[in-house]
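Residue-level structural notes
Residue strings, one per chain:
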Amino acid sequence: MTEVELKSGRPASRPLSPHLQIYRPTMTMTMSIVHRITGAALYFGMLLLAFVLISAAGGPASFAPAAAFANSILGKLILFGFTWALFHHMLGGVRHLLWDMGWGLDHPQREWLAWGTLIGGIALAALTWICVGLRV
C-alpha cells in the first residue's frame, strides 16, 4: 500500500487516461478505426477467396455453387466490399508510410490524407469494377 492509501484507508485517486468521451472524433481518428476494421475484413475475405479457388480447382461441379453465390446480388455486394476494403486498407498503409517519413503530420494535411483515403478507396474500387466489366 502507498502512503496515501495507508492514511485514508482507500485507494488514492489517480487521473484517468483520456478516452472517447473526452476527445472529439476527427476524420483521422475515424479512418484509423476503419483501417483496423478493413484489416479484419480482409482476413475473412481471404478465407472466402480461398474457398472459391479451392472449389474452382475441384472442377465445374464443385465450382457451380461458388459461382452462383458470387453472381448473386449479395455475392456482388460482398465482393465490392472486399474490393473497397482492399483499396482502403492499402491507401491507409500509404498514409501511415507518409507519416513515418514525416510528411502530412500538420493539421490540414492530416485531414486531406484521411479524406483521400476514404474517397480514394471508393473511387479505386468503383474504377476496378467498371474496368473489369462488372456492374456495381
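Residues numbered from 1 in each chain as written. Predicted model: local features only at pLDDT ≥ 70, side-chain atom pairs only at ≥ 80, totals over all residues. Heavy atoms only, no water.

In this section: the packing of helix 4 (residues 73-100) against helix 5 (residues 107-132). In the contact formed by helix 4 and helix 5, the axes pass within 8 Å of each other and the chain directions differ by 145°. Taken as a pair, helix 4 and helix 5 cross one another with a handedness that is right-handed. For the contact of helix 4 with helix 5, the residue count by class is 16 nonpolar, eight polar and three charged. (Axes fitted to C-alpha atoms, helices over the stretch in contact; angles between N-to-C directions. Helix = DSSP H or I, 4+ residues; strand = E, 2+ residues; numbered from the N terminus. Left-handed = near helix turned anticlockwise from the far one by under 90°. Nonpolar A, V, L, I, M, F, W, Y, C, P; charged D, E, K, R; others polar.)

Turning next to the side chain of T38. Here T38 lies in helix 2 (residues 27-57). Exposure remark for T38: the relative accessible area of 2% places this residue in the buried category. Apart from residues lying up to four places away in sequence, T38 is in contact with W84, A85, H88 and H89. (Buried < 20%, exposed > 50% of the residue type's maximum accessible area, 1.4 Å probe, protein only. Contact = heavy atoms within 4.5 Å.)

Here helix 2 contains 31 residues, and its C-alpha end-to-end distance of 43 Å stays within 8% of the 45 Å for a straight helix at 1.5 Å per residue. What helix 2 keeps buried is the set M27, T28, M31, V34, H35, T38, L42, G45 and S55. In this structure, the buried side of helix 2 is in contact with helix 3 (60-70), helix 4 and helix 5. Among the residues trailing helix 2, G59 stands out with phi positive, at a value near 110°. (Expected span 1.5 Å × (residues − 1).)

Per-residue pLDDT for the chain averages 89, and the proportion of residues at 70 or more is 83%. The weakest mean pLDDT in the chain belongs to helix 1 (residues 3-8) at 57; the strongest belongs to helix 4 at 96. (pLDDT = per-residue confidence, 0-100.)

We now examine the packing of aromatic side chains. Counted by the stated rule, this structure contains two aromatic pairs. Taking 5.3 Å as the distance between ring centres and 85° as the angle between the ring planes, the aromatic pair formed by Y43 and F44 counts as edge-to-face. Each member of the pair, Y43 as well as F44, is classed as exposed. With a centroid separation of 5.7 Å and 75° between ring planes, the pair formed by F80 and W129 is classed as edge-to-face. Separated by 49 residues along the polypeptide, F80 in helix 4 and W129 in helix 5 bring together distant segments of the chain. For F80, a relative accessible area of 21% puts it in the partly exposed group. (Phe/Tyr/Trp six-rings, centres within 6.5 Å; stacked < 30°, edge-to-face > 60°.)

This paragraph deals with a nonpolar patch on the surface. Together, L48, F69, L74, L77 and I78 make up an exposed nonpolar region whose accessible area comes to about 470 Å². Ranked by residue count, the leading element in the nonpolar patch is helix 4, at three residues. Mapped onto the secondary structure, L77 falls in helix 4. Under the relative-accessibility criterion, L77 is labelled exposed at 58%. (Patch = residues over 30% accessible without salt bridge, like charges linked within 9 Å, V, L, I, M, F, W, Y side chains within 5 Å. Areas by Shrake-Rupley, 256 points an atom, 1.4 Å probe, with all protein chains shown as cover. Salt bridge = Lys/Arg side-chain N within 4 Å of Asp/Glu carboxyl O.)

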